[in-house]
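Structure assessment
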Amino acid sequence: MRKLKKYFYLGLLALSVSSLPVSADSLAGNFAHKVSDKVDMKIHMFGLDEVKLLDSTFHEAMDHNANWLLELEPNRLLSWFRKEAGLTPRGEVYGGWESRGVAGHCLGHYMSALAMMYAETGNKEYKKRCDYIVSELAECQKAFGSGCFTAIPEGLRCFDELSRGVVYSAGFDLNGLWVPWYTHHKLLAGLIDIYECSGDEAALEVCKKHADWIIAVTSKLDDAKWQLMLNCEHGGMNESFAELYAITGEERYLDSARKFFHRTILEPLSKRQDSITGVHANTQVPKIIGSARIFELTGDKKFETIADYFWHLVTGHYSYANGGNSANERFGKPDVLGDIMHDTTETCNTYNMLKLTRHLFAWNPQASYMDYYERALLNHILAHQHPDRGGALVYKGFLDMPARKNYSHPTDSFWCCVGTGMENHTKYADTIYSYSDSGESLYVNLFISSQLNWQARGISLTQNSLMPQLGKTTLSFNNEKPVKTTLKIRKPYWAQSSAITLNGQPVQTSPGSDGYIAITAKFAKDDTIAVEFGMALHIAPLPDMPGRCAIMYGPTLMAAVLKDTNQVPTIVSDTPEDILSYFVQEKPLEFTLDSRCYSANAAGFTPIVIRLIPLYAVADELYSVYMDVVDVDQWDTRKAEFAEQLRLRAELEARTADFFTLGQMQPERDHELTSEGAGGVGGFNGKNWRDTTGGSFEFDMKVDPTKPMQLICTYWGSDTGKRTFDILINGQKIATQSLNNNKPDHFFDVAYDIPANLSAGKQKVRVKLQAHPDNKAGGLFEARTVTK
């Protein structure tokens, strides 16, 4: 039984035709699991074949994603699998991460997304693609002569070393490779999803062979070497092995799931001790999901504690207003979020936190879990795809001050959050409804327009929701025969008031201890329940900076669009709560503020009008979710600080001969930039950057031919890894720079003296950043030449 990982399909067919042990969450068809859960699961989820989305913003997002999935070419995602197996590729490998050391990870996500779309729509094109990919991976296994398939360059060298008991790791590498087990977890999960969504025995066979190959590769590792190996990000390998055990009943898979136990992180969590401060965030969440699955299959309370404590720790002390967590991909310190508003809330983290939430809700169905789920789904997952097109997905940086969504290219990025994004927008239907283990209660968890067909109980239900624009939804029963059930409707934390009627008659709206409003009746065709929850603006302050606030309307996180300035507005008010009364509602999800709001510019602070729209509706605009609210005394101090910043900036401008912003087309042309090596450009925290791996880039900068000069370079203080490079002027090295967490969470400048003989009598110089072997040069954000 696949309790909470994904998309469970209760089907009477499974109950009638399978001779295997069957649990209440078996998938539809003849593919039941051999191992039942040892834990008393109080809640079960419906499968994607039982819940259909109706017209809504969520349905639009699913359609954009679905179209993109069909535009992608399986042969291009399979290209390096065939190459590594010694077979001729049938397509050119995609760009971005798929042509780098994490090659292959997106094929796993792609399999999962196709499988879910097949379950959701019944469109056989998705199944056809699944079948083709499975057959290609089987051919790779045949070519290898084992269960192996891999797309990772030098993967075979690494796996050969592991098979001989050789392990070395520097955290984000394993034997010199970029997170190989992370990639292989995605592949196992994709094959499992194909099996669990369609009953494809060929997918299960390929998956088992691959898992057996992994067991063989790691068979010579003792405990110390296992723990050293697990220091490298390994995704949810424990989850996939646990799921294979559930499907097959073969104990070796459960043994392997237990071996993927990263003691440094998981052991303290099992004792309710915080072990995540400062660590890479998304590396941890899949391990916790695996722990939750092991608990369900074994009843081992240690794994329950890990999952429960971690969830409450992250959502209570490490999360922002959109339900996401992390800055610079790391957990900071608990309840210290305001000083690290850079590279905020990686999408993969939330993808995984939602999966974990489903587990905990099944054990203990409390509305607080679904309050979090709604917040994160609406304000992070929905917000990470461009509102008008699929394949344009955001990695991180949602809540930076200011922020701009940096979207992926549909065929030339394939970041980790592109992979999880393939899945995110296929499964909006999977948590809208759930049911109690006894089958007596039907839960309405999310207010998304949809249709439920609960065949096992003969219930058909349609939800027509006006949320989040308005706090209203209608639930209509369509089943011909009356069915007695208890309908449980979540009362959200944000509801200012509640009113519910059954066929026009008011019903009690006080929730029970679980946070759900219960209505028990014999429901039949045309029975209608109208639900209305009062919505209002409310603030979501940061725990360490109460004056730094996000603004929400009901469940929706709002963003201030910055049209004529790149400065985040400051709002003057006695208290943060007072600002809510200053906003004017123009439309259901649009507000304006035309007083008490100021933006910094060269003239000082200027009154401005700000417009709030939902974060999920922001497309290409510069924006800020968080804004600082200050009182009058703080306002006077801020103005003085800004005046000093203006003085220093004017002094610097007076000394400046040239200023160059990297990563923008026209400035790079103006400065005659050229590059060699695997270069990259991107946007971060309102600035653009350029770097290169193993190569160089160079550009012209103006100088004063009569005065001593300096070159000032702007870097990001949290850049780490192999980033050592030389700086040359006119071919002569003047400095060596290393970037390794030099000034965490801040930009910083380094001034380099330009030898007089290189600039005297010249109008410009040629600046070059040359990477050391196996290193990167940059990222460089800005360059400036100034008189010394």
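Being a predicted model, the structure only gives us computed values, none of them experimental.

Take the packing of aromatic side chains next. Pairs of aromatic rings are described using the distance from one ring centre to the other and the angle between the two planes. Going through the model one piece at a time under the given rule, you end up with 34 aromatic pairs. Summarising the aromatic geometry, the rings of W311 and Y372 are spaced 5.7 Å apart at their centres and angled 85° between planes, so their arrangement reads as edge-to-face. Placement of W311 in helix α15 (residues 301-317) and of Y372 in helix α17 (residues 367-381) is noted, with a sequence separation of 61 residues between them. Look at W311 and you get buried, because its relative accessible area is 4%.

For the rest of this paragraph, the subject is the pairing of strand β31 (residues 732-738). Of the strand pairs in this sheet, strand β30 (residues 724-729) and β31 are connected by 6 bridges, and their pairing is antiparallel. Each residue of the ladder has a partner; that of F725, found in β31, is Q737. Here β30 hands over to β31 after 2 residues, with N730 in that stretch at a positive phi of 50°.

Okay, the side chain of E374 next. Topologically, E374 is positioned in helix α17. Here R490 takes part through its side chain, which lies 2.9 Å from a polar atom of the side chain of E374. Polar side-chain contacts of E374 include one of 2.9 Å to the side chain of W494. Those residues in contact with E374 that lie beyond four places of it in its chain are L446, F447, R490, P492, W494 and P555.

Turning to the nonpolar core, a few remarks are in order. In globular proteins that are soluble, nonpolar side chains generally tend to be buried together. Core analysis: the largest hydrophobic core is formed by 218 residues, its most contacted members being W181 and I529. By residue number, the principal contributor to this core is helix α5 (residues 105-121), which donates 10 residues. Ignoring any residue separated from it by four or fewer positions in sequence, one finds I529 in contact with T473, T474, L475, F477, L487, I489, I500, T501, L502, I519 and F523. Core analysis: the next-biggest nonpolar cluster, separate from the first, contains 28 residues, F660, L739, L758 and L780 among them.

Let us look at the packing of helix α11 (residues 237-248) against helix α12 (residues 251-259). Look at α11 against α12: their axes get within 8 Å of each other, and the N-to-C directions meet at 160°. It follows that α11 is roughly antiparallel to α12 by the angle criterion. For the pair α11 and α12, the crossing hand works out as left-handed. Contacts between α11 and α12 pair N238, F241, A242, L244, Y245 and T248 from the former with E251, Y253, L254, S256 and A257 from the latter. Partitioning the contact of α11 with α12 into residue classes produces 7 nonpolar, 3 polar and 1 charged.

Spatially, 4 strands are ordered β26-β35-β29-β32 in an open sheet, and the strand pairing comes out antiparallel. Strands with a single pairing partner mark the edges of an open sheet, and in this sheet they are β26 (656-661) and β32 (747-754). Here the average twist between neighbouring strands, direction ignored, is 15°. The pairing of strand β29 (residues 709-716) with β32 spans 8 bridges and is antiparallel. In the sheet register, M709 faces β32, and the bridge partner there is I754.

With that out of the way, let us pick up the sheet that holds strand β14 (residues 528-533). Reading across from one edge, β2-β7-β8-β9-β14-β11-β12 is the order of the 7 strands in this open sheet, with antiparallel pairing throughout. Both edges of this open sheet fall to β2 (51-53) and β12 (505-506), since each of them pairs with a single strand only. As paired strands, strand β8 (residues 459-465) and strand β9 (residues 472-477) are joined by 5 bridges and run antiparallel to one another. Its bridge partner being in β9, Q463 is matched across the sheet by L475.

Bringing a negative patch on the surface into the picture now. Together, D55, E60, D63, D388 and D620 line one region of the surface with negative charge. Here D620 lies in the loop between β23 (610-614) and β24 (623-624).

The next point concerns the state of the cysteines. This structure, assessed with the given rule, holds 0 disulfides. Free of any disulfide, C106 has its nearest neighbouring cysteine sulfur in C416, separated by 8.9 Å. Classification of C106 as buried rests on a relative accessible area of 0%. Looking at C416, it has no disulfide partner, and the nearest cysteine sulfur is the one in C348, 3.7 Å off. Accessibility expressed as a relative area gives 6% for C416, which makes it buried.

Further remarks concern the packing of helix α6 (residues 124-144) against helix α9 (residues 201-217). The N-to-C vectors of α6 and α9 enclose an angle of 35°; their axes lie 10 Å apart at closest approach. In this structure, α6 crosses over α9, and the sense of that crossing is left-handed. Contact with α6, carried on its side by V134, L137, A138 and Q141, involves A202, A203, V206, K209 and H210 of α9 and no other residues of that element. Its residues assigned to classes, the contact of α6 with α9 shows 6 nonpolar, 2 polar and 1 charged.

Within the element layout of this structure, L228 appears in helix α10 (residues 223-230). On the basis of relative accessibility, which here comes to 30%, the residue L228 falls in the partly exposed class. Taking the C-alpha atoms as reference points, L228 and G458, separated by 230 residues in sequence, lie 53 Å from one another.

Taken as a whole, this structure holds 37 salt bridges when the rule is applied. A salt bridge links D300 to R258, with the shortest nitrogen-to-oxygen separation between them at 3.6 Å. Of this pair, D300 sits in the loop between α14 (281-298) and α15 while R258 sits in helix α12, placing them 42 residues apart in sequence. Looking at D300, the relative accessible area reads 26%, which means it is partly exposed. Several salt bridges converge on common partners, so that one network encompasses D37, E243, R293 and E296.

What counts, and where the lines are drawn
Residues numbered from 1 in each chain as written. Predicted model: local features only at pLDDT ≥ 70, side-chain atom pairs only at ≥ 80, totals over all residues. Heavy atoms only, no water. Phe/Tyr/Trp six-rings, centres within 6.5 Å; stacked < 30°, edge-to-face > 60°. Helix = DSSP H or I, 4+ residues; strand = E, 2+ residues; numbered from the N terminus. Buried < 20%, exposed > 50% of the residue type's maximum accessible area, 1.4 Å probe, protein only. Pairing = 2+ DSSP bridges. Polar contact = N/O pair within 3.5 Å; in protein donor to acceptor, adjacent residues only side chain to side chain. Contact = heavy atoms within 4.5 Å. Core = buried A, V, L, I, M, F, W, Y, C linked by side-chain atoms within 4.5 Å. Axes fitted to C-alpha atoms, helices over the stretch in contact; angles between N-to-C directions. Parallel < 35°, antiparallel > 145°, perpendicular 65-115°, else oblique. Left-handed = near helix turned anticlockwise from the far one by under 90°. Nonpolar A, V, L, I, M, F, W, Y, C, P; charged D, E, K, R; others polar. Patch = residues over 30% accessible without salt bridge, like charges linked within 9 Å, V, L, I, M, F, W, Y side chains within 5 Å. Areas by Shrake-Rupley, 256 points an atom, 1.4 Å probe, with all protein chains shown as cover. Salt bridge = Lys/Arg side-chain N within 4 Å of Asp/Glu carboxyl O. Lys, Arg positive; Asp, Glu negative; His and termini not counted. Charge placed at Lys NZ, Arg CZ, Asp CG, Glu CD. Disulfide = S-S within 2.5 Å.

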